[in-house]
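Here are the chains, one letter per residue:
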Amino acid sequence: SDVYKRQGINAEYRKYLEKSGVIDQLTRVLVGLYEEPDKPQNAIDFIKQYLGSPTDIDVDKLRLDYEKLKDENANLKRQLGELQKEIESLKPCLLYTSDAADDLLCVDLGGRRIIKKKK
């Protein structure tokens, strides 16, 4: 029964590959490689080039770069959250220019006064 199950999965996968055009494209690539009069030194690079993929990509470096950027993104999101909390905590203080008010609850900050809301 395990063999039949595997055959069913294989048949589904084969249908998927046919429907998505993968089998046709691979057939074209392999025929192109077969018909190439000067066989390339590296068949994989030929296939990549035939499919339009760059041949000089370092996948391991890309994965490492991705992980670094993912970590940096998480750190920036954390910092953003902390700054948003800080902004929320400072909202009760309103900034006005020094000539806007002469309330005794003000603190002069070099030409500006912070007016604290009365509770």
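So, here is what we can say about the structure in this document. These figures come from a predicted structure and were not determined experimentally.

**Quick word on the overall build of the chain**
Next up, step 1: A tally of regular secondary structure across the chain gives four helices and three strands.
Next up, step 2: Scanning the chain from its N terminus toward the C terminus, one meets helices and strands in the order α-α-α-α-β-β-β.
Next up, step 3: By residue count, 7% of the 119 residues in the chain fall in the buried class.
Next up, step 4: Long-range contacts, defined here as pairs at least 24 residues apart, represent 4% of the contacts in the chain between residues at least 6 apart.
Next up, step 5: When the accessible surface of the chain is summed, it comes to about 10,900 Å², and 56% of that surface belongs to carbon and sulfur atoms.

**A word on a nonpolar patch on the surface**
Next up, step 1: A surface patch of nonpolar side chains, amounting to about 250 Å² of accessible area, comprises Ile57, Val59 and Leu62.
Next up, step 2: You can see Ile57 is positioned in the loop between helix 3 (43-51) and helix 4 (59-90).
Next up, step 3: Using a relative accessible area of 41% as the deciding quantity, one classes Ile57 as partly exposed.

**Topic: the packing of aromatic side chains**
Next up, step 1: Counted according to the given criterion, the structure contains two aromatic pairs.
Next up, step 2: Ring geometry for Phe46 against Tyr50: centres 5.9 Å apart, planes inclined by 35 degrees, an arrangement best described as tilted. One end of the pair is Phe46 and the other is Tyr50, both in helix 3 and four residues apart, which spans about a single turn.
Next up, step 3: With a relative accessible area of 14%, Phe46 lands in the buried category.
Next up, step 4: Of note, Lys39 hangs over the ring of Tyr34, and the distance from its end group to the ring centre comes to 5.8 Å.

**Some points on the pattern of salt bridges**
Next up, step 1: One pass over the structure, following the stated rule, counts four salt bridges.
Next up, step 2: A salt bridge links Asp65 to Lys61, with the nearest nitrogen and oxygen atoms 2.9 Å apart. Within this pair, Asp65 and its partner Lys61 are both found in helix 4, separated by four residues, close to a single helical turn.
Next up, step 3: Given a relative accessible area of 26%, Asp65 falls into the partly exposed group.
Next up, step 4: A salt bridge links Lys70 to Glu67; its shortest N-O distance comes to 3.7 Å. Of the two residues, Lys70 and Glu67 both sit in helix 4, three residues apart, roughly one turn of that helix.
Next up, step 5: What makes Lys70 partly exposed here is its relative accessible area of 40%.

**With respect to the packing of helix 2 (residues 22-35) against helix 3**
Next up, step 1: Where helix 2 meets helix 3, the axes come as close as 10 Å, and the angle between the chain directions of the two elements is 125 degrees. The angle between helix 2 and helix 3 places the two elements in the oblique class. Where helix 2 crosses over helix 3, the handedness of that crossing is right-handed. Contacts from Gln25, Arg28, Val29, Gly32 and Leu33 in helix 2 reach Ala43, Phe46, Ile47, Tyr50 and Leu51 in helix 3.

Calculation rules
Residues numbered from 1 in each chain as written. Predicted model: local features only at pLDDT ≥ 70, side-chain atom pairs only at ≥ 80, totals over all residues. Heavy atoms only, no water. Helix = DSSP H or I, 4+ residues; strand = E, 2+ residues; numbered from the N terminus. Buried < 20%, exposed > 50% of the residue type's maximum accessible area, 1.4 Å probe, protein only. Contact = heavy atoms within 4.5 Å. Areas by Shrake-Rupley, 256 points an atom, 1.4 Å probe, with all protein chains shown as cover. Patch = residues over 30% accessible without salt bridge, like charges linked within 9 Å, V, L, I, M, F, W, Y side chains within 5 Å. Salt bridge = Lys/Arg side-chain N within 4 Å of Asp/Glu carboxyl O. Phe/Tyr/Trp six-rings, centres within 6.5 Å; stacked < 30°, edge-to-face > 60°. Lys NZ or Arg CZ within 6 Å of the ring centre and 35° of its normal. Axes fitted to C-alpha atoms, helices over the stretch in contact; angles between N-to-C directions. Parallel < 35°, antiparallel > 145°, perpendicular 65-115°, else oblique. Left-handed = near helix turned anticlockwise from the far one by under 90°.

Taken by themselves, the reported measurements are silent on function.
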